[in-house]
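Each chain, letter by letter, is given below.
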Amino acid sequence: MTVQTKKKSTQVKSRIAQYCAALNVKVPEVITQAAEHEAWRTENRNRMAHGANRAAIADQFGATYRKQRVIFINVEKLNDEKKLDKVIRREMIHLAKPSYYRTRPAFQDRME
């Protein structure tokens with residue numbers, strides 16, 4: 001892990017803790033690297049929902065596994081601070097409000 005990746009990982013975990021406090025939810029396990037995410041998914045494949053395997057890790061900016069209370073934020077792929085924060089917010093909304101699908105107005109309102 002590079003120094004910059006470590007710094008971003010720490011920053012992501014800190015932001016997630018702040019959002020958890022604001023949303024009054026327990027802080028989830030946070031995975032910030034694709035290789036670590038792949039290992040976690042392989043280990044937990046039998047316990048995940050059927051749709052959880054639908055996207056390739058290389059194509060993902062983030063993912064939420066609500067039942068396992070795990071959030072993946074791909075810091076290696078996110079170089080822009082605004083985009084990174086948007087992905088963190090999106091995944092936190094999925095964790096805190098599972099009924100908020102991306103296409104629903106309530107989800108879009110929370111993203112703003």
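Right, let's walk through the structure included here. Note that the structure is a prediction, hence the values are computed from the model and not measured.

Each turn of an α-helix holds 3.6 residues, which means side chains three or four residues apart point in the same direction. His 37, Trp 40, Arg 41 and Asn 44 are the residues of helix α2 (residues 34-44) that are buried. An end-on view of α2 places all buried positions within 100° of arc, on one side of the element. Structural note: α2 exposes Ala 35 and Glu 43 on the side pointing more than 90 degrees away from its buried face. Against the buried residues of α2 lie β1 (29-31), β2 (62-65) and β3 (70-73).

Its location among the elements puts Lys 8 in helix α1 (residues 3-23). No salt bridge is formed by the buried Lys 8, whose closest oppositely charged neighbour, Glu 81, lies at an N-O distance of 7.0 Å. Discounting residues that sit within four places of it in the chain, Lys 8 has contacts with Val 75, Leu 78 and Asn 79.

With 21 residues, α1 should cover 30 Å at 1.5 Å per step; its first-to-last C-alpha distance of 30 Å lies within 8% of that length. Taken together, the buried positions of α1 are occupied by Thr 5, Lys 8, Ser 9, Val 12, Arg 15, Ile 16 and Cys 20. End-on view of α1: buried residues confined to an arc of 140°, all on one side of the axis. Those residues of α1 that are exposed and angled more than 90 degrees off the buried face are Val 3, Lys 7, Thr 10, Gln 18, Ala 21 and Ala 22. Summarising the contacts, the buried residues of α1 are in contact with β1, β3 and α3 (81-96).

The rules behind each value
Residues numbered from 1 in each chain as written. Predicted model: local features only at pLDDT ≥ 70, side-chain atom pairs only at ≥ 80, totals over all residues. Heavy atoms only, no water. Buried < 20%, exposed > 50% of the residue type's maximum accessible area, 1.4 Å probe, protein only. Helix = DSSP H or I, 4+ residues; strand = E, 2+ residues; numbered from the N terminus. Arc of directions from axis to C-beta. Contact = heavy atoms within 4.5 Å. Lys, Arg positive; Asp, Glu negative; His and termini not counted. Salt bridge = Lys/Arg side-chain N within 4 Å of Asp/Glu carboxyl O. Expected span 1.5 Å × (residues − 1).

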